[in-house]
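Fold and geometry: a report
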Amino acid sequence: MSERAVASSASPAVGRALDILVYLAGRPGLVRAAALARDLGIPRSSAYHILSVLADRGFVTYVPKDQAYGLGVTSFEVGSAYLRHEPLERLARPILRTLADRLGQTVHMGILDGAETVYLLKERPPSGRTGDVDITLVTDIGVRLPAHLTANGRAILAHASDAQLRALFPRPGDLTTRTGRGPRTLAGLAGALAQERERGWSQEVEMVSEGFRSMGVAAFDHNERPVAAISSTWRRHHCRHDVDQVRDILVRGAARLTAAVSGRAPGAQGLDPA
């Protein structure tokens, strides 16, 4: 069989696989294969075969107790990967610069890569606006940290499904710690993330570094899925603002980034961008 013939015969399956991923991305919860096949007009046998292949590669996750499918971790990672490209960083950099100036403390933008937070941008306040707080921060550009310990990572993880959390943390009773603080089990993490999702922001206190605390807020794409988070770190017992002021400034900054990428926050919650 010629290469052209192979490509021709494979194209329908490839197209259907992409249709399935787009379909799942637009659904808030799990979907049964029969409903997916009906809505997309795909024969059930073909739908089950494609879903099996996608599940083997991590693009979808099957939840046996619900007998339904949702997006897998690989889809999340592929969707987040475009954030490493310069265009989005150009959109985020002036937003972070404004936030660092207003807060007088360091501000970051990070993404989720597997179970780790990766910091893509870091903006410090103008000279003279802050002390030596940045000297001891470990959150430099390119640094990776356990996402469940960072406010930046938790702001994104708060919107992950139970299936995605189980895939990200396959050893649910043995979560990593850096300072002895933070969740030790997946159940404990999931409970904390549910509260953070409800209130719209995340924080950590001395989970990454002794004497420091951080707060993070997610930015979203057009499917209301988190694509990055904006966070700020400061000395636990020294801050230019109270916690509510830091939260409001970060929430507005995340709303600006969401708007810049033509996104939408879940339920259109949160403050309007300033």
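Up top is the structure.
Note that the structure is predicted; figures quoted are calculated from it, not measured.

Here we look at the overall build of the protein chain
A count of helices and strands for the protein chain gives nine helices and eight strands. Here the protein chain holds 274 residues, and the buried ones make up 45% of them. Once local pairs closer than 6 in sequence are excluded, the contacts in the protein chain between residues at least 24 apart make up 59%.

Thoughts on the sheet that holds strand 8 (residues 226-235)
Strands in a sheet are paired, the pairing made by backbone hydrogen bonds, and the direction either parallel or antiparallel. Strand order in the open sheet formed by six strands is 5-4-3-8-7-6, with antiparallel pairing between adjacent strands. Looking at which strands have only one partner, the edges of the open sheet turn out to be strand 5 (144-146) and strand 6 (202-205). The sheet shows a mean angle of 30 degrees between the axes of neighbouring strands, direction not considered. Alignment of strand 4 (residues 116-123) against strand 5, held across three bridges, turns out to be antiparallel. Within strand 5, the residue paired with T117 across the bridge is L145. The strands touched by helix 9 (residues 243-260) within the sheet are strand 3 (107-113), strand 7 (212-220) and strand 8, with strand 7 carrying the most contacts at an inclination of about 30 degrees.

Side note on the nonpolar core
Residues L96, L99, V107, M109, I230, L250 and L257 are the most contacted members of the largest nonpolar core, which totals 27 residues. If you list the elements that add at least two residues to this core, you get helix 5 (86-103), strand 3, strand 4, strand 7, strand 8 and helix 9. Among the elements that line this core, the one with the most residues is helix 5, at seven residues. With 20 residues, the next largest nonpolar core counts A155, I156, A160 and L186 among its residues.

Side note on the side chain of S232
Topologically, S232 is positioned in strand 8. Here T106 takes part through its backbone oxygen, which lies 2.8 Å from a polar atom of the side chain of S232. Setting aside residues up to four positions removed in sequence, S232 forms contacts with L103, Q105, T106, V107, R213, S214, M215 and L250.

Considerations on the pairing of strand 4
Burial analysis of strand 4 places seven of its eight residues in the buried class, the great majority of the element. Inspection of the sheet shows strand 3 paired to strand 4 by seven bridges, in the antiparallel sense. Bridge pairing in strand 4 links D113 to E116. With antiparallel pairing between neighbouring strands as the criterion, strand 3 and strand 4 make up a hairpin whose turn holds two residues, including G114 at a positive phi of roughly 65 degrees.

Brief notes about the pattern of salt bridges
Applying the stated criterion across every chain, the model contains ten salt bridges. Here D39 makes a salt bridge to R38, at a shortest N to O gap of 3.2 Å. Here E116 and R144 are joined by a salt bridge, their closest N and O atoms 3.0 Å apart. Of this pair, E116 sits in strand 4 while R144 sits in strand 5, placing them 28 residues apart in sequence. For R144, a relative accessible area of 40% translates into the label partly exposed. Within the structure, one salt-bridge network assembled from shared partners comprises D113, E116 and R144.

Examining unusual backbone geometry
The residue Q67 is not glycine, and still its phi comes out positive at about 50 degrees. Take Q67: it is sitting in the loop between strand 1 (60-63) and strand 2 (68-71). Unusually for a residue other than glycine, E206 sits at a positive phi of about 55 degrees. Following the sequence through the fold, E206 ends up in the loop between strand 6 and strand 7. Taking relative accessible area as the criterion, E206 reaches 8% and is therefore assigned buried.

Things to note about helix 8 (residues 186-199)
For an α-helix, 3.6 residues make a turn, and residues three or four places apart therefore share a direction. In a regular helix each residue adds 1.5 Å, so 14 residues correspond to 20 Å; helix 8 covers 20 Å between its end C-alpha atoms and thus fits that length. Among all positions in helix 8, only L186, L189, L193 and E196 are buried. In a view along the axis of helix 8, the buried residues occupy a sector of 85 degrees, so they form one face of it. Helix 8 presents A187, Q195 and E198 as exposed residues on the side facing more than 90 degrees away from its buried surface. Those residues of helix 8 hidden inside the fold are in contact with helix 6 (151-157), helix 7 (162-168) and strand 6. At the exit of helix 8 stands G200, carrying a positive phi of roughly 95 degrees.

Looking at the pairing of strand 7
When you tally the buried positions in strand 7, you get nine out of nine residues, the bulk of the element. Residues F212, S214, G216, A218 and F220 point to one face of strand 7 and R213, M215, V217 and A219 to the other, with burial holding for every one of them. For strand 6 and strand 7, the ladder comprises four bridges, and the chain directions are antiparallel. Each bridged residue has a counterpart across the sheet, and for S202 the counterpart in strand 7 is G216.

Reading the values: rules and limits
- Residues numbered from 1 in each chain as written.
- Predicted model: local features only at pLDDT ≥ 70, side-chain atom pairs only at ≥ 80, totals over all residues.
- Heavy atoms only, no water.
- Helix = DSSP H or I, 4+ residues; strand = E, 2+ residues; numbered from the N terminus.
- Buried < 20%, exposed > 50% of the residue type's maximum accessible area, 1.4 Å probe, protein only.
- Contact = heavy atoms within 4.5 Å.
- Pairing = 2+ DSSP bridges.
- Axes fitted to C-alpha atoms, helices over the stretch in contact; angles between N-to-C directions.
- Core = buried A, V, L, I, M, F, W, Y, C linked by side-chain atoms within 4.5 Å.
- Polar contact = N/O pair within 3.5 Å; in protein donor to acceptor, adjacent residues only side chain to side chain.
- Salt bridge = Lys/Arg side-chain N within 4 Å of Asp/Glu carboxyl O.
- Expected span 1.5 Å × (residues − 1).
- Arc of directions from axis to C-beta.

By themselves, these figures tell us nothing about what the structure is for.
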